[in-house]
Amino acid sequence: MIGLLSGNSGWLANFYDQYLGFIAFIIRRWDQVVEYTLNHFSLVLTVMFFSLILWISVGLLISRYEKLANTAFGLGNILFVIPSISVFGIFITIPMLGLGRTSAALALILYAMMPMVRNVYRGIKSVEWPIIEAGRGMGMSARQILFQIQIPMAWPIIFAGIRVTVVMITGIATVATYIGERNLGRFIHHGIARESADMIIAGAILVSVIAILLDYLLGKIESRITSPGLLREQDHN
Amino acid sequence: MIRLDKVDKVFPGASAPAVDQVSFQVDEGNICVFVGPSGCGKTTILRMINRLVEPTGGDIYIKGQKVSDRGVNPDHLRRKIGYVIQQIGLMPHRTIEQNVALVPRLLKWPENKIMPRVKHLLEMVGLEPDEVSKKYPHQLSGGMMQRVGVARALAADPPIMLMDEPFGAVDPIVRGRLQDEFLRLQKEMKKTICFVTHDINEAIKMGDHIVIMNKGKLVQHGTPMEILSNPIDDFVKNLIGTDRETKLLELTKSEEMVTQTEEIPTEVSEKDCFIMAVDPVQRALEAMMKKDADIVGVKDGDKFIGTISWEDIKKHINRISGDEA
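All figures in this text were calculated on a predicted structure; none of them were measured in a lab. (Residues numbered from 1 in each chain as written. Chains lettered and ligands numbered in written order. Predicted model: local features only at pLDDT ≥ 70, side-chain atom pairs only at ≥ 80, totals over all residues. Heavy atoms only, no water.)

This part is about the overall build of chain A. Tallying secondary structure elements over chain A gives 11 helices and 0 strands in all. Mapped from its N terminus to its C terminus, chain A presents α and β elements in the order α-α-α-α-α-α-α-α-α-α-α. For chain A, whose C-alpha radius of gyration is 23 Å, the value lies well above the compact-globule estimate of 18 Å for 237 residues. With the principal axes as the frame, chain A shows a C-alpha extent of 80 × 60 × 25 Å. Within the span of chain A, comprising 237 residues, buried residues form 46% of the whole. A separation threshold of at least 6 residues defines the contact pool for chain A, and within that pool the share at least 24 residues apart is 74%. Carbon together with sulfur atoms contributes 68% to the accessible area of chain A, which is approximately 12,700 Å² in total. Charge-centre separation for chain A: the mean point of 17 positive side chains lies 8 Å from the mean point of 13 negative side chains. (Helix = DSSP H or I, 4+ residues; strand = E, 2+ residues; numbered from the N terminus. Rg over C-alpha atoms; globule rule 2.2 N^0.38 Å. Buried < 20%, exposed > 50% of the residue type's maximum accessible area, 1.4 Å probe, protein only. Contact = heavy atoms within 4.5 Å. Areas by Shrake-Rupley, 256 points an atom, 1.4 Å probe, with all protein chains shown as cover. Lys, Arg positive; Asp, Glu negative; His and termini not counted. Charge placed at Lys NZ, Arg CZ, Asp CG, Glu CD.)

Now the structure itself:
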């Protein structure tokens, strides 16, 4: 601010120094930026891959076996409220896992449970009774009802869960840097240690860019596979 | 065609049976209407016929075969029985075309047979195929959705239709029109239909046969005429309402009440007061009032067959309800 107000010797250069220094930082450390970004990306994608398989199955399971639902939600909530740094900490003490990607990925998969399982369940349950009843009455099997009615109709809600999870995992993944992940969290971590705002901002902005990008891509996919019949804002005519 | 033999249904945890020892038969090509207050078991009976609900006692036969036979897969059974519900239950994520094609696809019809069939069905229920095929259910009006619901149930040309308040979700004017159109269709289709309603007027209008239910029990069954002219107890009388006699006049054809004569009375010819033999007697009353006459002539085509007088109608009503008057 002082640089800006003094007016004298090139306020633009001053502004750049003070607030856009992270750009210079990114250019200077380009190789490292690429390495960390790719690591970050691959961790998030690994976590999402397993989460989708695991948590969609669990969500479908509890929507059929109602009694399991509360247990699953309870577990998901507990996992979700444990501070991430301690979950990473616990995982590295388990002999088979230790420092590194396996621990990081496992911890993040557990975090994904709550938003994903809950939304799959909610989505399946959002299908109104008369539609299921009509499906049964027409002679659809339970399997056909699941795959041809319930899942396609639940897509918008399931997708909302997936998008929230991706953004969240991209953020929490930064903490995994404390257990040896070489990702964008490292810029933030080192930036704090060295009191370097440029490093912190560079790390944070790159993380946000990944999150926004993934969310945007998922949005595109979502509108591709969601039936236009489910978009209620369409004109009634 | 459809026969129920001492069918019981007790839902788990319920103190009284939902359906209690009900036996009756629906003949081929007939519309059998189940009528009664809500909770009387009429919907449960319907849902037991296609095994959406399993009876706790008794047997149900379709064309002589027990529906609960071990060899019968409930899903396959249902694909051969049309099913229409009040809430319609169209699939919002599928186009109208895909909704109607549902059962033929389940039955694995060849694709080149399905599309012409869908088009034909949409026309049959009074919709414009080019206009609605590619639309989604939420883009249609309530009446149009009901029509699609009927088209979907008819898609694979099932010999039997189960209809649970199929016209219940639309306003009375649209309902009347849908009823008329459906009766016209039925004249050609000759399906065996089980139809549930809580509206006695709809029952009288639609039914070849009426089954009156109360608290899970079958109270009375018979043709609309039998039930109107001879209600078995106060429950049935209350259900029919206070306008039993006018309802009867709507159901009675003029030819059934005509006094045969060859000579046209002067009052009739002067006031040009004629009705057709197939018209309900109520039409005779309307004609009398309009022309300020006490007698109407009845024609069968161009031929004069006799007369109905105000006295005849009064006597007829007296005969039916005389015991209460």
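Next comes the rest of the description.
What follows is about helix H6 (residues 84–93) of chain A. One full turn of an α-helix is made of 3.6 residues, so residues set three or four places apart face in the same direction. Residue and element names in this part refer to chain A. Here H6 has its buried residues at Ser84, Val87, Phe88 and Phe91. End-on, the buried residues of H6 take up no more than an arc of 100°, which puts them together on one face. Turning to H6, the residues buried within the fold contact helix H7 (101–125) and helix H9 (142–172). (Arc of directions from axis to C-beta.)

With that settled, the discussion passes to the interface of chain A and chain B. At the junction of the two partners, chain A supplies 27 residues and chain B supplies 25 residues. Taken over both partners, the interface formed by chain A and chain B buries close to 2,300 Å², and the fraction arising from carbon and sulfur atoms is 58%. Considering only the surface of chain A that becomes buried against chain B, Glu133, Arg136 and Met138 of chain A emerge as the three largest contributors, covering 26% of it. Along the contact surface separating chain A from chain B lie 1 salt bridge. A salt bridge links Glu133 of chain A to Arg47 of chain B, with the shortest nitrogen-to-oxygen separation between them at 2.3 Å. Here chain A and chain B share 8 residue pairs in polar contact (both at pLDDT 80 or more) between them. (Buried area = accessible area lost by both parts, 1.4 Å probe. Salt bridge = Lys/Arg side-chain N within 4 Å of Asp/Glu carboxyl O. Polar contact = N/O pair within 3.5 Å; in protein donor to acceptor, adjacent residues only side chain to side chain.)

Residue and element names in this part refer to chain B. Relative to strand S13 (residues 295–300), strand S12 (residues 274–276) runs parallel, the two sharing 3 bridges. Across the sheet, Ile275 pairs through a bridge with Val298, a residue of S13. Across 6 bridges, the pairing between S13 and strand S14 (residues 303–309) is antiparallel. Following the sheet pairing, Asp300 is matched in S14 by Lys303. (Pairing = 2+ DSSP bridges.)

This paragraph deals with the sheet that holds strand S3 (residues 31–35) of chain B. All names here are of chain B. Spatially, S6-S7-S8-S3-S9-S10 is the arrangement adopted by the 6 strands of the open sheet, whose pairing is mixed. Two strands lie at the open edges of the sheet, namely strand S6 (81–85) and strand S10 (217–222), each paired on one side alone. Along the sheet, successive strands turn relative to each other by an average axial angle of 15°, direction set aside. The pairing of strand S9 (residues 209–214) with S10 spans 5 bridges and is classified as antiparallel. By the bridge assignment, Met213 is partnered in S10 with Leu218. Set on the sheet, helix H1 (residues 42–49) makes contact with S3, S6, strand S7 (160–164), strand S8 (192–197) and S9; between it and S8 the angle comes to about 150°. (Axes fitted to C-alpha atoms, helices over the stretch in contact; angles between N-to-C directions.)

Attention now moves to the packing of H7 of chain A against H9 of chain A. Residue and element names in this part refer to chain A. Between H7 and H9, whose axes approach to 8 Å, the crossing angle comes to 150°. As judged from the angle between their axes, H7 and H9 are roughly antiparallel. Note that H7 runs across H9; the crossing there is right-handed. Residues of the contact of H7 with H9, tallied by class, amount to 18 nonpolar, 5 polar and 1 charged. (Parallel < 35°, antiparallel > 145°, perpendicular 65-115°, else oblique. Left-handed = near helix turned anticlockwise from the far one by under 90°. Nonpolar A, V, L, I, M, F, W, Y, C, P; charged D, E, K, R; others polar.)

The next subject is the sheet that holds strand S4 (residues 57–62) of chain B. All names here are of chain B. Strand order in this open sheet of 4 strands is S2-S1-S4-S5, and the pairing throughout is antiparallel. The sheet is open, and its two edges are formed by strand S2 (19–26) and strand S5 (65–66), each paired on a single side. In the sheet, strand S1 (residues 2–9) pairs with S4 via 5 bridges, with the strands oriented antiparallel. Opposite Leu4, over in S4, you have Ile60 as the bridge partner.

What follows concerns the state of the cysteines. Residues and elements named next belong to chain B. Under the definition given, this model contains 0 disulfides over all chains. Left unpaired, Cys40 is separated from the closest cysteine sulfur, that of Cys32, by 13 Å. On the accessibility criterion, Cys40 (1% relative accessible area) is buried. The thiol of Cys194 is not disulfide-bonded; the next cysteine sulfur, from Cys32, is found 5.6 Å away. (Disulfide = S-S within 2.5 Å.)

Turning to the confidence of the model for chain A, a few remarks are in order. All names here are of chain A. Across chain A, the average pLDDT comes to 88, with 94% of residues at 70 or higher. Between residues 1–6, whose pLDDT stays under 50, and residues either more than four places distant or in other chains, the model counts 5 contacts. Every residue in residues 233–237 scores below 50 in pLDDT, and together they form 7 contacts with partners more than four places removed in sequence or on other chains. (pLDDT = per-residue confidence, 0-100.)

Attention now goes to the pattern of salt bridges. Throughout the structure, instances matching the rule amount to 21 salt bridges over all chains. Residue Asp75 of chain B is joined to Arg78 of chain B by a salt bridge in which the shortest nitrogen-to-oxygen separation is 3.2 Å. With Asp75 of chain B and Arg78 of chain B both in helix H2 (residues 74–79), this residue pair falls 3 residues apart, about one helical turn. No difference in accessibility class separates Asp75 of chain B from Arg78 of chain B, as the two residues are buried. Of the charged contacts in the structure, one is a salt bridge between Arg283 of chain B and Glu286 of chain B, with a shortest N-O distance of 3.5 Å. Of this pair, Arg283 of chain B and Glu286 of chain B both sit in helix H14 (residues 281–291), 3 residues apart, roughly one helical turn. A single salt-bridge network, built from bridges that share partners, covers Arg163, Asp215 and Glu222 of chain A.

A grouping of Trp11, Leu12, Phe15 and Tyr19 of chain A is seen on the molecular surface, where their side chains present a nonpolar patch of about 420 Å² in accessible area. Mapping Leu12 of chain A onto the fold places it in helix H2 (residues 11–19). (Patch = residues over 30% accessible without salt bridge, like charges linked within 9 Å, V, L, I, M, F, W, Y side chains within 5 Å.)

Turning to helix H4 (residues 30–64) of chain A, a few remarks are in order. A rise of 1.5 Å per residue sets the reference length of H4 of chain A, with its 35 residues, at 51 Å; its end C-alpha atoms lie 50 Å apart and thus fit the reference within 8%. The sharpest bend along H4 of chain A comes to roughly 30°, located at Ser51 of chain A. (Expected span 1.5 Å × (residues − 1). Bend = angle between axes of the 7 residues up to and from the residue.)

As a further point, take the side chain of Thr37 of chain A. Positionally, Thr37 of chain A belongs in helix H4. Those residues in contact with Thr37 of chain A, other than ones at most four positions away along the chain, are Leu184, Leu206 and Ile210 of chain A.

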